[in-house]
Amino acid sequence: MLSFSPATPKTTTISTRLHRDHHTLSHHSQPPSHLRPTKPHLRQRRHTLKISAIDAAQPFDYESKISTQFAKSKTLKIAIVGFGNFGQFLAKTLVRQGHDVLAHSRTDYSNIAAEIGVSFYPNADDLCEEHPEVILLCTSILSTDKVLRSLPLQRLKRSTLFVDVLSVKEFAKDLFLQILPLDFDILCTHPMFGPESGKNSWKDLPFVYDKVRIGNDESRVSRCEKFLDAFAREGCVMKEMTCAEHDQHAAESQFITHTVGRILEKLDLDSTPINTKGYERLLDLVENTSSDSFELYYGLFMYNKNAMEQLERLDLAFESLKKELFGHLHDVLRKQLFGTKERALGVMQKPRALSKLPPNGNGLVLPPGSDSTTN
Ligand code: NAP
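The structure displayed is predicted, hence computed values, not measured ones. (Residues numbered from 1 in each chain as written. Predicted model: local features only at pLDDT ≥ 70, side-chain atom pairs only at ≥ 80, totals over all residues. Heavy atoms only, no water.)

Caption draft 1: Structural view of the side chain of D247. Note that D247 resides in helix α10 (residues 243–266). The residues contacting D247, other than those within four sequence positions of it, are V168, K169, E170, N304 and N306. (Helix = DSSP H or I, 4+ residues; strand = E, 2+ residues; numbered from the N terminus. Contact = heavy atoms within 4.5 Å.)

Given below as structure tokens:
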């Protein structure tokens, strides 16, 4: 028997938005004419036109189908290569957002992947034959060259978007440009947070990106935007900058943070019954940095050309601080031993305060007079 339900009168936000995107919808977000109820006298005629599966034309089904389509249009098929600590961390959010997430790694993570809702491919050929829209490289800095060269690129669609999350950016960019055929798009990114700092939320956490090579056609541009939106919609602070700028800033901030955290870790600091807020922050820093692999830290050093200067500046600052302290101490002792005589001879000098090191990139030499060894 034929039956008709009235068109849903409500105009939902989603249907209004869909109207803009899908020309198939009428002005009042009604279903297209072939799905709308007909006047009774037309029923017979329609019947002769063989409209039979009337249940499929229910407005409810129609709207739910369109809204599923709409949600799908915002999602991507993303293949994570390197499914370790950080790859798994990103996958959880991408799956929650509705993306179709696939993964491949040197280690077999099938069980963990299944728990997260990710399809795991132990074989890279099988992964690439799934034709993901995005390959998201989450490999260690040191292994990325090898992993990228080992991927069967010929099995991918020619327009695939390659994204990396390496904590050093010029290295990743050069590698992509060197290895990937011109047809592939390239987006270099660095989420400036990790499984510890971003465990509760990504809100207000910085996300750096550089659109190194994105084709002009609309589908490529929108695919890149969709990928970036995965971070923007979590509340990340989106920072577009060149890979070179990133590496300069990261050496001055992230590398210093990791180095200080690792120095303090070597002290094996304990919590005390009288922790100050400052000390609590130091303990947090140790926890944050020690949960990252040493390989990651080594990569920050090896593959960021600005890191060595920062390490030497840190060394110099520590030496300079020690000299200032010892200079004061030396002065007190000298005063005790020879105070009256030296004062009479005019030898006593006021210990000089420690000068700051010259700004980054201006060499490592202290300005004249800042060396407190003279005290
Ligand atoms: P990681 O130690 O830097 O990298 C671990 C990943 O690299 C694993 O997927 C591992 O695969 C893979 N890998 C290591 N050596 C390999 C080799 N010889 N051949 C093939 N694969 C190899 O730790 P991570 O924290 O997961 O970091 C991954 C990437 O994310 C790094 O590039 C890092 O700079 C970046 N990142 C990390 C953070 C963070 O907070 N952790 C934040 C932003 C960006 P298997 O597990 O299969 O062995």
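Caption draft 2: Molecular detail of the environment of F184. Tracing the backbone through its elements, the reader meets F184 in the loop between α8 (169–179) and β6 (185–191). Setting aside residues no more than four positions away along its own chain, F184 makes contact with L153, L156, K157, R158, S159, T160, F162, R213 and R220.

Caption draft 3: Summary view of the nonpolar core. Judged by nonpolar contacts, the single largest core of 34 residues is most densely connected at I80, F83, L90, L136, F227 and F231. Looking at this core, the elements that each hand over two or more residues are β1 (77–81), α4 (85–96), β2 (100–104), α5 (110–116), β4 (134–137), β5 (161–164), β7 (206–213) and α9 (218–232). The residues touching L136, leaving out its near neighbours within four places in the chain, are I78, A79, I80, V81, L90, L94, V163, V165 and F227. One finds L137, I179, I186 and C188 within the second-largest nonpolar core, a separate group that totals 32 residues. (Core = buried A, V, L, I, M, F, W, Y, C linked by side-chain atoms within 4.5 Å. Buried < 20%, exposed > 50% of the residue type's maximum accessible area, 1.4 Å probe, protein only.)

Caption draft 4: Geometry of the packing of aromatic side chains. A complete count under the given rule lists 18 aromatic pairs for this structure. Aromatic side chains Y109 and F120 sit 6.4 Å apart centroid to centroid with 85° between the ring planes, which places their arrangement in the edge-to-face category. Here the residue Y109 occupies a position in the loop between β2 and α5, and F120 occupies one in strand β3 (residues 119–120), the gap between them amounting to 11 residues. Residue F120 is classed as buried on the basis of its relative accessible area of 13%. Taken together, a centroid distance of 4.2 Å and an interplanar angle of 40° make the contact between F171 and Y303 tilted. Note that F171 is positioned in helix α8 and Y303 in the loop between α12 (294–302) and α13 (307–345), a separation of 132 residues in sequence. Relative accessible area serves as the criterion here: at 17%, F171 is assigned to the buried category. Using a relative accessible area of 28% as the deciding quantity, one classes Y303 as partly exposed. (Phe/Tyr/Trp six-rings, centres within 6.5 Å; stacked < 30°, edge-to-face > 60°.)

Caption draft 5: Layout of the pairing of β4. Of the two faces of β4, the one carrying V134 and L136 and the one carrying I135 and L137 are both buried. When β1 meets β4, the two strands line up parallel, connected through four bridges. Its bridge partner lying in β4, I80 is registered against L136. In the sheet, β4 pairs with β5 via four bridges, with the strands oriented parallel. (Pairing = 2+ DSSP bridges.)

Caption draft 6: Representation of the sheet that holds β3 within the structure. The eight strands are arranged β3-β2-β1-β4-β5-β6-β7-β8 in an open sheet whose pairing can be described as mixed. If you trace the sheet from one side to the other, it starts and ends with β3 and β8 (237–240), each paired once. One ladder, built from four bridges, connects β5 with β6; its direction is parallel. Considered in β6, the bridge of F162 is made with I186. Packed on one face of the sheet, α4 meets β1, β2, β4 and β6 and runs near 165° to β1. (Axes fitted to C-alpha atoms, helices over the stretch in contact; angles between N-to-C directions.)

Caption draft 7: Up close: the pattern of salt bridges. A full pass over the atoms with the stated rule returns 16 salt bridges. Residue K322 is joined to E319 by a salt bridge in which the shortest nitrogen-to-oxygen separation is 3.2 Å. Of this pair, K322 and E319 both sit in helix α13, three residues apart, which is roughly one turn of that helix. Overall, the relative accessible area of 32% leaves E319 in the partly exposed class. One continuous salt-bridge network, built from bridges that share partners, spans D185, D217, R220 and R223. (Salt bridge = Lys/Arg side-chain N within 4 Å of Asp/Glu carboxyl O.)

Caption draft 8: Structural context of the site of the ligand. Close to the ligand lie 27 residues, the nearest being S105, Y109, T139, S167 and S293. Here an oxygen atom of the ligand sits 2.8 Å away from a polar atom, N or O, in the side chain of R106. Note that a nitrogen atom of the ligand is positioned 3.2 Å from one of the side-chain N or O atoms of K146. Coverage of the ligand by the protein amounts to 89% of the 870 Å² it exposes when considered alone. (Near = heavy atom within 4 Å. Polar contact = N/O pair within 3.5 Å; in protein donor to acceptor, adjacent residues only side chain to side chain. Areas by Shrake-Rupley, 256 points an atom, 1.4 Å probe, with all protein chains shown as cover.)

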